[in-house]
Amino acid sequence: MATDAAFMEYVAEQLSEAGVVTYRKMFGEYGLYLDGKFFATVENNRLCLKMTEAGGRLLGNPEIISPHEGAFYFWVKSLDDRAFLAELARATCAALPAKKPRKK
């Protein structure tokens, strides 16, 4: 089951307090970026957050899922609290390595 475009738009809106949230189609699903840094996917109408210590602490005891082969993410089940989602996205991005510059 592929993600509905309306669901993707809803997720982006819920995360909008975090900063500049963008998304793009990736392999039939969506990749999410915060201020240009890849931090999550939306697959099968589920928000899948890259696994970091900071994200795990904020989520408590998050369920780990494998939305596609070889990948493991935290499943963010509740999308209701915009302030919490913003904090979660910012903490996750801060814990991820810096974006590598593109080679010419």
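Residues numbered from 1 in each chain as written. Predicted model: local features only at pLDDT ≥ 70, side-chain atom pairs only at ≥ 80, totals over all residues. Heavy atoms only, no water.

## Focus: the nonpolar core
- With 24 residues, the main nonpolar core has Val11, Leu15, Leu32, Phe39, Val42 and Leu47 as its most contacted residues.
- Tallying contributions element by element places helix α3 (residues 82-95) first for this core, with five residues.
- Residue contacts for Val42: discarding those within four places in its chain leaves Thr3, Phe7, Met8, Val11, Glu29, Tyr30, Leu32 and Leu47. (Core = buried A, V, L, I, M, F, W, Y, C linked by side-chain atoms within 4.5 Å. Buried < 20%, exposed > 50% of the residue type's maximum accessible area, 1.4 Å probe, protein only. Helix = DSSP H or I, 4+ residues; strand = E, 2+ residues; numbered from the N terminus. Contact = heavy atoms within 4.5 Å.)

## Things to note about the side chain of Glu43
- Looking at the secondary structure, you find Glu43 in strand β3 (residues 37-43).
- No salt bridge is formed by the buried Glu43, whose closest oppositely charged neighbour, Arg46, lies at an N-O distance of 6.5 Å.
- A polar contact of 2.8 Å, which involves the side chain of Glu43, links it to the side chain of Thr41.
- Within the structure, the side chain of Glu43 is placed 2.9 Å from the side chain of His68, a separation counted as a polar contact.
- Residues contacting Glu43, with those up to four places away along its chain left out, are Thr3, Glu29, Cys48, Pro67 and His68. (Lys, Arg positive; Asp, Glu negative; His and termini not counted. Salt bridge = Lys/Arg side-chain N within 4 Å of Asp/Glu carboxyl O. Polar contact = N/O pair within 3.5 Å; in protein donor to acceptor, adjacent residues only side chain to side chain.)

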